[in-house]
Amino acid sequence: MTINANLTAERATFVTHLECSMTGERYDADQLHGLSRVGRPLLVRYDLDAVKAAIPKAMIAARPTDLWRWREVLPVRHTRDIVSLGEIETPLIAIPRSAGSPNVLVKDEGRLPTGSFKARGLVMAVAMAKELGVTRIAMPTNGNAGAALAAYATRCGIEAIVLCPDDTPEINVREIAQQGARVYRVNGLIDDCGAIVARGAAEGRWFDFSTLKEPYRIEGKKTMGLELAAQFGWKLPNAIFYPTGGGTGLIGMWKAFDELEQLGWIGPERPRMYAVQASGCAPIVRAFEAGEEHAERWEDAATVAAGIRVPKAVGDFLILRAVRESGGKALGVGDPAILKAVDDCARKDGLLLCPEGGATLAAYREALRTGEVDEDERVVLFNCATGLKHPMPPADAALDRFAEIDLGAL
Ligand SMILES: *Cc1c(COP(=O)(O)O)cnc(C)c1O
């Protein structure tokens, strides 16, 4: 397999500057940044006219399909700073039986390095940290982000300290440790972990890698939108169901679609964006329904879908803005519906989803039932991590090879 990361050309990116997502204030590229002066996420901007002139769409199409295919609209300045564990283009898989429509495709992000789409965000953020001379990173996580950070930081020789809620799935805690980070279980939720990380960052002990508190994870997650456009022949699907925690992926895809239109690679049509949350932690749904621009913290957050158990998101207004502009909605689904969707998809279509992926299927089914989506519409559901990281129902049947076996009964 050819990896785009094995590039020799010195110039990769067409980045020009960064911009506050709230005020539009300009910040220099090639410098270390956290949040903007008003405490909001920074967005990376590119010279898209120059990209348009230099890179015909056909040139992109001719490249190997991994994430670095999109390097001109990604922030890494020098190809020597690119890091890779093999970030493949993830497949779109039909699940006709459990979705009840042949037009529903699952984008299976569980096939990425470290088994989740957090690899997209973290490969970019870590490459940029390396480029900008960071030597120690700390991050709060519900599991998958910490695992991806651990893997890429270790690969670059950067120290990583990861804080997770003490009820984070055991496999996540162990994979973080195994991949070379120092991981601590905290008696609280992800934002409680984030407060400790922020304290250390303020004391200058490490660089804060919390969701959206550094500008480059969005750029990595944006590749989901770029990939979808290419996979759909430069005509986007009608609707996207995205399991929303911090919302990086949803915000990133929305940004990607704008950039693709400015490049002239897609038209003005956009998918309806559905932000899916678990009803046990649904701050974005509550704010969407109340017509608010920001979401208040969700108290006593609880759900089987740990990856979307985020009581308060710093990019809340960006999620809500994208959902509203797209004509989509924020939808809540209960844990029983999530688990049923995971079970159905595995048993009927042979595809094992993670609970957060199950949440998108549950939300789609509900949207189909209420007429929010039509059976004929082309829909993408995000399965953001491998189902193998999660507990499965027991399977205890056994055979005694020394006894008589009723083969017809097997
Ligand atoms: C992080 C995560 C999410 C939420 O992604 P955001 O882009 O941060 O909203 C969903 N599912 C899984 C499995 C995750 O790890």
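For clarity, every value in this text was computed on a predicted model and none was experimentally measured.

The rules behind each value
- Residues numbered from 1 in each chain as written.
- Predicted model: local features only at pLDDT ≥ 70, side-chain atom pairs only at ≥ 80, totals over all residues.
- Heavy atoms only, no water.
- Buried < 20%, exposed > 50% of the residue type's maximum accessible area, 1.4 Å probe, protein only.
- Helix = DSSP H or I, 4+ residues; strand = E, 2+ residues; numbered from the N terminus.
- Contact = heavy atoms within 4.5 Å.
- Domains from an automatic or database assignment.
- Buried area = accessible area lost by both parts, 1.4 Å probe.
- Salt bridge = Lys/Arg side-chain N within 4 Å of Asp/Glu carboxyl O.
- Polar contact = N/O pair within 3.5 Å; in protein donor to acceptor, adjacent residues only side chain to side chain.
- Pairing = 2+ DSSP bridges.
- UniProt positions renumbered as here; feature names shortened; annotations may be inferred.
- Right-handed = clockwise from strand over helix to strand, strands pointing away.
- Near = heavy atom within 4 Å.
- Areas by Shrake-Rupley, 256 points an atom, 1.4 Å probe, with all protein chains shown as cover.
- Nonpolar A, V, L, I, M, F, W, Y, C, P; charged D, E, K, R; others polar.
- Expected span 1.5 Å × (residues − 1).
- Axes fitted to C-alpha atoms, helices over the stretch in contact; angles between N-to-C directions.

### Re helix α10 (residues 283-290)
An α-helix turns once every 3.6 residues. As a result, residues three or four positions apart point the same way. Turning to α10, its buried residues number three or more, namely Pro283, Ile284, Val285, Ala287 and Phe288. Those residues of α10 that are buried lie in contact with β11 (272-278), α11 (316-326) and β12 (330-333).

### Considerations on the domain arrangement of the chain
Looking at the assigned domains, one finds that the chain contains domain 1 (15-81), domain 2 (92-115 + 216-388) and domain 3 (118-208). Just the C-alpha atoms count here: the centres of domain 2 and domain 3 sit 24 Å apart. Between domain 2 and domain 3, the buried area comes to about 1,900 Å², and carbon and sulfur atoms account for 56% of it. Here domain 2 is connected to domain 3 by four salt bridges. As a salt-bridge pair, Glu109 and Arg120 come within 2.7 Å of each other at their nearest N and O atoms. Here domain 2 is connected to domain 3 by seven residue pairs in polar contact (both at pLDDT 80 or more).

### A short note on the pairing of strand β5 (residues 104-108)
The buried fraction of β5 is high, at four of five residues. Pairing geometry for strand β4 (residues 92-94) and β5, over three bridges, is antiparallel. Considered in β5, the bridge of Leu92 is made with Lys107. Relative to strand β13 (residues 379-383), β5 runs parallel, the two sharing five bridges. By the bridge assignment, Leu105 is partnered in β13 with Val380.

### Some words on the UniProt feature "domain: Tryptophan synthase beta chain-like PALP" (unreviewed entry) in the chain
Following the UniProt record, one finds the feature "domain: Tryptophan synthase beta chain-like PALP" (unreviewed entry) at residues 83-384. The distance separating the terminal C-alpha atoms of residues 83-384 is 21 Å; by composition the span is 44% helix and 16% strand.

### So, the pairing of strand β8 (residues 182-186)
Each regular strand displays side chains that alternate between the two surfaces of the sheet. Bridging between strand β7 (residues 159-165) and β8 involves five bridges; their strand directions are parallel. Paired with Ile161 across the bridge in β8 is Arg182. In this fold, β7 hands off to helix α6 (residues 170-178), which returns the chain to β8; that crossover is right-handed.

### Remarks on the site of the ligand
The immediate surroundings of the ligand are formed by 17 residues, with Lys118, Lys221, Tyr242, Gly245 and Gly247 found nearest. Between an oxygen atom of the ligand and a side-chain N or O atom of Lys118, the distance comes to 2.8 Å. A distance of 2.5 Å is found between an oxygen atom of the ligand and a side-chain nitrogen or oxygen belonging to Tyr242. Protein burial of the ligand: of its 390 Å² of free accessible surface, 96% is covered by the chains. Broken down by secondary-structure element, the contributors of at least two residues to the shell around the ligand are β10 (239-243) and α9 (248-262). Its residues placed into classes, the shell around the ligand shows six nonpolar, eight polar and three charged.

### Let's talk about helix α4 (residues 118-131)
Here α4 is 14 residues long and its end C-alpha atoms lie 20 Å apart, about the 20 Å a rise of 1.5 Å per residue gives. The element α4 is largely enclosed, with a buried count of 13 among its 14 residues. Looking one or two residues beyond α4, the residue adopting positive phi is Gly133, at roughly 85 degrees.

### What to know about the sheet that holds β5
Ordered in space as β4-β5-β13-β10-β11-β12, the six strands form an open sheet in which the pairing is mixed. Edge positions in the open sheet fall to β4 and β12, since each of these has one partner strand only. Put simply, the sheet's adjacent strands are angled 30 degrees from each other on average, direction ignored.

### Quick word on the environment of His294
Its place among the elements puts His294 in the loop between α10 and α11. A residue is classified by how much of its surface remains accessible, and His294, at 29% relative accessible area, is partly exposed. Counting along the chain gives 19 residues from His294 to Ala313, while the straight-line C-alpha distance between them is 9.2 Å. When residues no more than four places from it in sequence are discounted, the contact partners of His294 are Met22, Arg40, Ala287, Asp316, Phe317 and Leu320.

### A look at the pattern of salt bridges
With the rule as written, the count across this model stands at 33 salt bridges. Across the pair Arg205 and Glu203 runs a salt bridge, and its minimum N-O distance is 2.7 Å. Overall, the relative accessible area of 48% leaves Arg205 in the partly exposed class. Overall, Glu203 belongs to the exposed group, its relative accessible area being 53%.

### Concerning unusual backbone geometry
Not every positive phi belongs to a glycine, and Asp30 is a case in point at roughly 60 degrees. Summarising the element assignment, Asp30 is placed in the loop between β2 (26-28) and β3 (42-46). With a phi angle near 70 degrees, Leu212 is a residue other than glycine that sits in the positive phi range. Tracing the backbone shows Leu212 in the loop between β9 (207-208) and α8 (217-231).

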